[in-house]
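# Coordinate analysis (summary)
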Amino acid sequence: SSLDVRLGQRVTEVEHGPSGVTLQIAGAEPVQADYAIVSVPLGVLQAGSITFSPAMDTIVATALAELGVGQLFKVSLKFNSGWWTPTQAQQFFGRAITGPNRRMFNYFLNGQQVLGQYVLCTFAAGEAAAPAGG
């Protein structure tokens, strides 16, 4: 059996029932299938951009409404040598920061074991992400 994966299409409605799933696609013919996996950003679900029929269970809709998203600014640094660690076993390290910048670049991930290159990744999260991103 083949899997029909469609990317970059805006789904406006998901109808499901005993005979399967019908997806209404903006500017295209509806798609019918036995099953569908809907993978969209939280903000799309919260905005009600997709109608579900029947509607989502109340507990799911409530949980989605109460979830939040935040900002994350990522920086990856590539080096010629791994000066920061004597072994590949150390995958992350950090530094303790207090004050307003406590979420700005306070830990580093060692990408050497996974990427096979000397790469450090660090992050600024939450309120610290906006000024870090410029």
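This text gives an overview of the structure that appears in the document. Remember, predicted model here, so these are calculated numbers, not experimental data.

### Some thoughts on unusual backbone geometry
Cis geometry marks the peptide bond from Ser 53 to Pro 54; its omega dihedral reads 0 degrees. Tracing the chain through its elements places Pro 54 in the loop between β4 (51-53) and α2 (58-66).

### Structural notes on the environment of Gly 126
Mapping Gly 126 onto the fold places it in the loop between β8 (119-125) and α4 (129-132). With 53 residues separating them along the chain, Gly 126 and Phe 73 place their C-alpha atoms 8.9 Å apart.

### Overview of the packing of aromatic side chains
Applying the stated rule across the entire model yields two aromatic pairs. When the centroid spacing of 5.6 Å and the interplanar angle of 85 degrees are considered together, the rings of Phe 79 and Trp 83 count as edge-to-face. Under the relative-accessibility criterion, Phe 79 is labelled partly exposed at 27%. Under the relative-accessibility criterion, Trp 83 is labelled exposed at 59%.

### Some details on the sheet that holds strand β6 (residues 92-94)
Judged by pairing direction, the sheet is antiparallel, and its four strands sit side by side in the order β5-β8-β7-β6 without closing on themselves. Either end of the sheet is taken by a strand with one partner, and the two such strands are β5 (72-78) and β6. Averaged over all pairs of adjacent strands, the angle between their axes in this sheet comes to 25 degrees, without regard to strand direction. Two strands pair when backbone bridges link them, and β6 and strand β7 (residues 104-110) are joined in this way by three bridges, in the antiparallel orientation. Within β7, the position partnered with Phe 93 by the bridge is Phe 108.

### Describing a nonpolar patch on the surface
Nonpolar side chains collect at one region of the surface, where Leu 3, Val 5 and Leu 7 lie side by side and expose about 400 Å² of accessible area between them. Turning to its location among the elements, Leu 7 is positioned in the segment before β1 (11-17). Since its relative accessible area comes to 73%, Leu 7 is described here as exposed.

### Structural notes on the pattern of salt bridges
Per the stated rule, a full pass over the model turns up one salt bridge. Residue Arg 6 pairs with Asp 4 through a salt bridge whose shortest N-O separation is 2.9 Å.

### Details of the nonpolar core
The tendency in soluble globular proteins is for nonpolar side chains to be buried side by side. Of all hydrophobic cores here, the largest spans six residues; its members are Val 14, Val 21, Leu 23, Ile 25, Val 31 and Ile 50. Among the elements that make up this core, the one with the highest residue count is strand β2 (residues 20-25) (three residues).

### Looking at the pairing of β7
Across four bridges, β7 lies against β8 in antiparallel orientation. Following the sheet pairing, Phe 108 is matched in β8 by Thr 122.

### Here's the deal with the pairing of β1
Note that β1 and β2 share six bridges and pair antiparallel. Across the sheet, Gly 17 pairs through a bridge with Gly 20, a residue of β2. As defined by bridge partners, β1 adjoins β4 across three bridges and the pair is classed as parallel. From the neighbouring strand, Glu 15 faces β4, where its bridge partner is Ser 53.

Rules used throughout
Residues numbered from 1 in each chain as written. Predicted model: local features only at pLDDT ≥ 70, side-chain atom pairs only at ≥ 80, totals over all residues. Heavy atoms only, no water. Helix = DSSP H or I, 4+ residues; strand = E, 2+ residues; numbered from the N terminus. Phe/Tyr/Trp six-rings, centres within 6.5 Å; stacked < 30°, edge-to-face > 60°. Buried < 20%, exposed > 50% of the residue type's maximum accessible area, 1.4 Å probe, protein only. Pairing = 2+ DSSP bridges. Axes fitted to C-alpha atoms, helices over the stretch in contact; angles between N-to-C directions. Patch = residues over 30% accessible without salt bridge, like charges linked within 9 Å, V, L, I, M, F, W, Y side chains within 5 Å. Areas by Shrake-Rupley, 256 points an atom, 1.4 Å probe, with all protein chains shown as cover. Salt bridge = Lys/Arg side-chain N within 4 Å of Asp/Glu carboxyl O. Core = buried A, V, L, I, M, F, W, Y, C linked by side-chain atoms within 4.5 Å.

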